[in-house]
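For reference, the chains in residue letters:
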Amino acid sequence: SMSGPRPESQISCAIEWDVLCRHIRSPPTQEICSCHTGLYGKYHGPAPVFWALYHGDPNTGITMHKVSEGIDSGDIVDQRETSIEKGDTIESLEVKLMELAADGLEDLVKRLKGGPVEAQAQVEKGAYAHRPTKKDWAKLSRILEERHAK
């Protein structure tokens, strides 16, 4: 658990907010922001990269948002996109997204040092990107084989 002086800001990446809340004894005095793979407005939930690749989307990205009481419902502070290329896989997209996240988080930390960050309300939540089943993974494998063969 975290205790001691209250930080001004916090950033979480790839963690369930309710899990994080159970461990925060001294919440920040200003902002809590979170960084997720996926472009909110298109997908939210635990597996946006999988579903973007599955559906043949032309791009994917990361979303950084303020944390609110609802899961993945906070105002968006930044989004960054990357294209999905013909030969991309889950692994190659995750590498692209980690690079976007590293740059985005560096910028966000600089912005947070200046005080509360500006954000835009989420207009549309998008599809819930649920965890894929074994059947979904098998189908994605076939889809990628077909795409890579063309």
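Above this text is the structure in question.
Let me sum up the structure you'll find in this document.

Calculation notes
- Residues numbered from 1 in each chain as written.
- Predicted model: local features only at pLDDT ≥ 70, side-chain atom pairs only at ≥ 80, totals over all residues.
- Heavy atoms only, no water.
- 1 Å grid on protein atoms, 1.4 Å probe; cavity = no way out; pocket = protein on both sides within 12 Å on 5 of 7 lines; lining within 4 Å.
- Points joined across faces, edges and corners; volume = space filled by probe spheres on them.
- Nonpolar A, V, L, I, M, F, W, Y, C, P; charged D, E, K, R; others polar.
- Helix = DSSP H or I, 4+ residues; strand = E, 2+ residues; numbered from the N terminus.
- Expected span 1.5 Å × (residues − 1).
- Buried < 20%, exposed > 50% of the residue type's maximum accessible area, 1.4 Å probe, protein only.
- Arc of directions from axis to C-beta.
- Contact = heavy atoms within 4.5 Å.
- Phe/Tyr/Trp six-rings, centres within 6.5 Å; stacked < 30°, edge-to-face > 60°.
- Polar contact = N/O pair within 3.5 Å; in protein donor to acceptor, adjacent residues only side chain to side chain.
- Salt bridge = Lys/Arg side-chain N within 4 Å of Asp/Glu carboxyl O.

## Thoughts on the layout of surface pockets
Line of reasoning, step 1. Here the second largest pocket is characterised by a volume of approximately 190 Å³.
Line of reasoning, step 2. Classifying every residue of the lining of the second largest pocket gives six nonpolar, four polar and three charged.

## Some words on helix H4 (residues 134-149)
Line of reasoning, step 1. Here H4 contains 16 residues, and its C-alpha end-to-end distance of 23 Å stays within 8% of the 22 Å for a straight helix at 1.5 Å per residue.
Line of reasoning, step 2. For H4, every residue scored as buried is listed here: Asp136, Leu140, Ile143 and Leu144. One side of H4 carries all its buried residues, which in axial view fall inside an arc of 100°. H4 presents Lys134, Lys135, Glu145, Glu146 and Ala149 as exposed residues on the side facing more than 90 degrees away from its buried surface.
Line of reasoning, step 3. Where H4 is buried, its residues meet helix H2 (48-54) and helix H3 (90-113).

## Side note on the packing of aromatic side chains
Line of reasoning, step 1. Taken as a whole and assessed by the stated rule, the structure comprises four aromatic pairs.
Line of reasoning, step 2. Aromatic pair Phe50 and Trp51: ring centres 4.7 Å apart, planes at 80°, arrangement edge-to-face.
Line of reasoning, step 3. The buried category is assigned to Trp51, whose relative accessible area is 8%.
Line of reasoning, step 4. Taken together, a centroid distance of 4.7 Å and an interplanar angle of 65° make the contact between Phe50 and Trp137 edge-to-face. Placement of Phe50 in helix H2 and of Trp137 in helix H4 is noted, with a sequence separation of 87 residues between them.

## Topic: the side chain of Asp57
Line of reasoning, step 1. By secondary structure assignment, the location of Asp57 is in the loop between H2 and strand S4 (59-66).
Line of reasoning, step 2. Asp57 gets classed as buried once you look at its relative accessible area, which sits at 9%.
Line of reasoning, step 3. Side-chain polar atoms of Asp57 contact the side chain of Tyr43, separated by 2.9 Å.
Line of reasoning, step 4. Beyond its immediate sequence surroundings of up to four residues, Asp57 is in contact with Lys42, Tyr43, Ala52 and Ile84.

## A closer look at the pattern of salt bridges
Line of reasoning, step 1. Under the definition given, this model contains five salt bridges.
Line of reasoning, step 2. A salt bridge links Asp78 to Arg80, with the shortest nitrogen-to-oxygen separation between them at 2.8 Å.
Line of reasoning, step 3. Exposure remark for Asp78: the relative accessible area of 18% places this residue in the buried category.
Line of reasoning, step 4. A salt bridge links Arg80 to Asp107, with the nearest nitrogen and oxygen atoms 2.6 Å apart. Of this pair, Arg80 sits in strand S5 (residues 76-83) while Asp107 sits in helix H3, and the two are 27 residues apart along the sequence.
Line of reasoning, step 5. One network of salt bridges, with partners in common, ties together Asp78, Arg80 and Asp107.

The analysis is restricted to geometry; functional conclusions fall outside its scope.
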